[in-house]
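Structural features, examined
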Amino acid sequence: IGSGHVVRCKALARILLERGHKCSFVSADLVGNHISLLKEDGINVDLIFPKLNIIKYHNENDDIQFCKKLEVFKQADWVVVDHYHLGCKWQKNIKTLKAKLLVIDDRVFTSKIADIFLNQNFQEKKNVDISNKICKHFIGPKYALVAREFKDYVQKSIIRKKQNKLDNLIICMGGGDTFTETIEVIDGVVNADHKWKSVNIVVGKSSSNISTIKSIV
């Protein structure tokens, strides 16, 4: 799964661990994975599948079979899924294990199966389907799963906005940047009239565009 998915789930796991709960991640051993990021915080990770190319990994049926065999799924009180390719079929199968289900998805507006659905993006209420009366919906940025380290920068950010200065730019289009948007943004910055004092480009180790980006800058 993408860097952002791992980071936001890690933020949730850290809080749960501090409150005395047990947390485990289940991940395919994909190229460019972020398993070390989890283990450095003492979070257990169960691996499924051999090391694969992330582009070829879209087999929901195999994922279901592997997951249902794992003890962490059999013993879980809650299962959190934050993955674009694990949809209704996967969710229905996991629900047969009797665990409660939290679905995190920033592309859709509801889940027909989940006990809790979270989408941290801005949404108009008319777009949110609440026909699943069992499911609790948490919609909007105030429910974003953000690492506590970012809280230290909130006040500083507010002060900088009041100064109305645009001196420093950070470009980050996600860890993988599958659609090469980083390169498009760099092109836009280069051709813009505004002159930045500094421009920092952040990419993940799973990005296939690192060498191209380096050649541009």
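Residues numbered from 1 in each chain as written. Predicted model: local features only at pLDDT ≥ 70, side-chain atom pairs only at ≥ 80, totals over all residues. Heavy atoms only, no water.

**Remarks on the overall build of the protein chain**
- Along its length, the protein chain carries eight helices and eight strands.
- A fraction of 42% describes how many contacts in the protein chain between residues 6 or more apart in sequence connect residues 24 or more apart.
- Taken as a whole, the protein chain presents about 14400 Å² of accessible surface, with 55% of it coming from carbon and sulfur. (Helix = DSSP H or I, 4+ residues; strand = E, 2+ residues; numbered from the N terminus. Contact = heavy atoms within 4.5 Å. Areas by Shrake-Rupley, 256 points an atom, 1.4 Å probe, with all protein chains shown as cover.)

**Here we look at the sheet that holds strand 5 (residues 116-119)**
- Taken together, the four strands give an open sheet; going across it, the order is 3-4-5-6, and neighbouring strands pair in parallel fashion. Edge positions in the sheet fall to strand 3 (78-81) and strand 6 (136-139), since each has one partner strand and no second. Going across the sheet, the axis of each strand differs from the next one's by a mean of 15 degrees, ignoring polarity.
- Relative to strand 5, strand 4 (residues 100-104) runs parallel, the two being bridged by three bridges. Of the residues in strand 5, the one forming a bridge with I104 is L118. (Pairing = 2+ DSSP bridges. Axes fitted to C-alpha atoms, helices over the stretch in contact; angles between N-to-C directions.)

**Notes on the confidence of the model for the protein chain**
- Averaged over every residue, the pLDDT of the protein chain is 84; residues scoring 70 or more account for 89%.
- Here strand 2 (residues 44-52) stands out as the least confident element of the protein chain, with mean pLDDT 74; strand 3 is the most confident, with 95. (pLDDT = per-residue confidence, 0-100.)

**Considerations on unusual backbone geometry**
- At K98, a residue that is not glycine, the phi angle is positive and equals roughly 80 degrees.
- Residue placement: K98 occurs in the loop between helix 5 (88-95) and strand 4.
- The exposed category is assigned to K98, whose relative accessible area is 75%. (Buried < 20%, exposed > 50% of the residue type's maximum accessible area, 1.4 Å probe, protein only.)

**Some details on helix 3 (residues 60-69)**
- Within the sequence span of helix 3, burial applies to E60, D63, I64 and C67. All buried residues of helix 3 lie within an arc of 100 degrees about the axis, which places them on one face of the element. (Arc of directions from axis to C-beta.)

**What to know about helix 1 (residues 3-18)**
- Helix length check: helix 1 (16 residues) gives 23 Å between terminal C-alpha atoms against 22 Å at 1.5 Å per residue, within 8%.
- Burial in helix 1 covers these residues: S3, H5, V6, R8, C9, K10, A11, A13 and R14.
- Once helix 1 finishes, G20 follows within two positions and takes phi at roughly 95 degrees, a positive value. (Expected span 1.5 Å × (residues − 1).)

**Thoughts on the nonpolar core**
- Residues F73, V79, W90 and I94 are the most contacted members of the largest nonpolar core, which totals 22 residues.
- Those elements that provide at least two residues to this core are strand 1 (24-30), strand 2, helix 3, strand 3, helix 5 and strand 4.
- Those residues in contact with F73 that sit more than four places away from it in its chain are V26, C67, V79, W90, I94 and L97.
- Residues A13, I35, I104 and I116 belong to the second largest nonpolar core, which totals 13 residues. (Core = buried A, V, L, I, M, F, W, Y, C linked by side-chain atoms within 4.5 Å.)

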